[in-house]
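# Fold and geometry: a report
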Amino acid sequence: MTIGSNWIGAVAIALASLTHAAFADTARVAAAADLRYAFAELQPLFEKAQAPHKLELILGSSGKFMQQLENGAPFDIFFSADVSFPKKLVASGKAIAPVTTYAFGRIVLWSAKMDATQLTLKDLDKPEFRKVAIAAPNHAPYGARAKEALVHTGMWAKVEGKLVFGEDISHTAQLIDKQAAEIGIVALSLAVNDTLKSKGGYYLIPANFHQPLEQAYAVTTYGQNNAAAKAFARFMTTPPARQVMTRYGFGLPGETPQ
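Presented here is an overview of the structure given in this document.

Reading the values: the criteria
Residues numbered from 1 in each chain as written. Predicted model: local features only at pLDDT ≥ 70, side-chain atom pairs only at ≥ 80, totals over all residues. Heavy atoms only, no water. Helix = DSSP H or I, 4+ residues; strand = E, 2+ residues; numbered from the N terminus. Buried < 20%, exposed > 50% of the residue type's maximum accessible area, 1.4 Å probe, protein only. Contact = heavy atoms within 4.5 Å. Pairing = 2+ DSSP bridges. Axes fitted to C-alpha atoms, helices over the stretch in contact; angles between N-to-C directions. Parallel < 35°, antiparallel > 145°, perpendicular 65-115°, else oblique. Nonpolar A, V, L, I, M, F, W, Y, C, P; charged D, E, K, R; others polar. Left-handed = near helix turned anticlockwise from the far one by under 90°.

Once that is clear, we can look at the environment of F250. Inspection of the secondary structure puts F250 in the segment after α11 (239-247). You can call F250 buried: its relative accessible area is 5%. With sequence-adjacent residues up to four places away left out, F250 is seen in contact with D34, L35, A38, A103, F104, G105, Y142, S189, Q215 and M245.

Another point: unusual backbone geometry. A negative phi angle characterises most non-glycine residues, just as the trans form characterises most peptide bonds. Look at the link from A51 to P52: it is a cis peptide, with omega at 10 degrees. For the bond running from A97 to P98, omega is 5 degrees, close enough to zero to count as cis. With respect to the secondary-structure elements, P98 resides in the loop between α4 (84-92) and β4 (100-105).

By the criterion of burial, strand β10 (residues 213-219) is predominantly enclosed, with six of the seven residues buried. Where strand β3 (residues 77-80) lies against β10, four bridges are found, and the strand directions are antiparallel. Bridge pairing links F78 to A218 in β10. Bridging between β4 and β10 involves five bridges; their strand directions are antiparallel. Looking across to β10, one finds that T101 is bridged to A216.

Packed helices, taken two at a time, are described by the angle their axes make and the gap between the axes. The N-to-C vectors of helix α3 (residues 62-70) and α4 enclose an angle of 10 degrees; their axes lie 10 Å apart at closest approach. When the axis of α3 is compared with that of α4, the two are roughly parallel. Each of S62, G63, M66, L69 and E70 in α3 lies in contact with α4, whose residues at this interface are F85, K88, L89 and S92. Within the contact of α3 with α4, the residues separate by chemical class into four nonpolar, three polar and two charged.

Relative to the helices and strands, V90 is located in helix α4. Given the relative accessible area of 27%, V90 is considered partly exposed. In contact with V90, not counting residues within four places along its chain, are A95, I96, A97 and V99.

Contact geometry of helix α2 (residues 36-49) with α11 gives a least axis separation of 9 Å together with a crossing angle of 165 degrees. With respect to α11, the element α2 is oriented roughly antiparallel. The two elements α2 and α11 cross, and the hand of that crossing is right-handed. For the pair α2 and α11, contact is made by A38, F39, E41, L42 and L45 and by A241, V244, M245 and R247, respectively. Residue composition of the contact of α2 with α11, by class: seven nonpolar, no polar and two charged.

Next up, the structure:
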């Protein structure tokens, strides 16, 4: 009788484990490069709160991710730095509605060696700034907003010959950090990270110098049955996730823009 009970118990535990595993998913997350530090903190928080789900984070240019998804890239959820990209994917059938805004980004003037808090965009034509880095405007939303801000201030024509372009906003920060450019325009979410903050100051570019950086996500058609992707989308609305995003300088839906 004891043996039978033990055997039944072992079978029950095994079945429970199999059932538990059956609901465990790993979500492949295509995420805009400005989320680099915020998502590095959010990943372990999510995986602890939503065990046994896991995340595989792939960071890069939102525009390039959109192109890859159009061509069938196997991402489960797409966190874009520009709301228009996931909307286009929904329209083409590569993502499923709704497209959900998760944050509003800001751009800053940042240098790894100089105190940019004492500078504005008007200073970029000074001779000490031989190279100015921005993300490629044709596919990186932060680069597009940087160009808009330079045009708004009348500086685009003055600095165009000095510009070096990063593949995405994280690569742009690396160009400045490695002195391929003395200064540049990067995401606030990168500039407030402890590593970058300790190297140089930043000047917050006024939000009315450019179109809003409304950032949004969509679950892809490929990932529509991925439980981890849907769980991560829900997790982004929770207080712990919102606290992390706020700490990295993002404006959040439902809050008054700063």
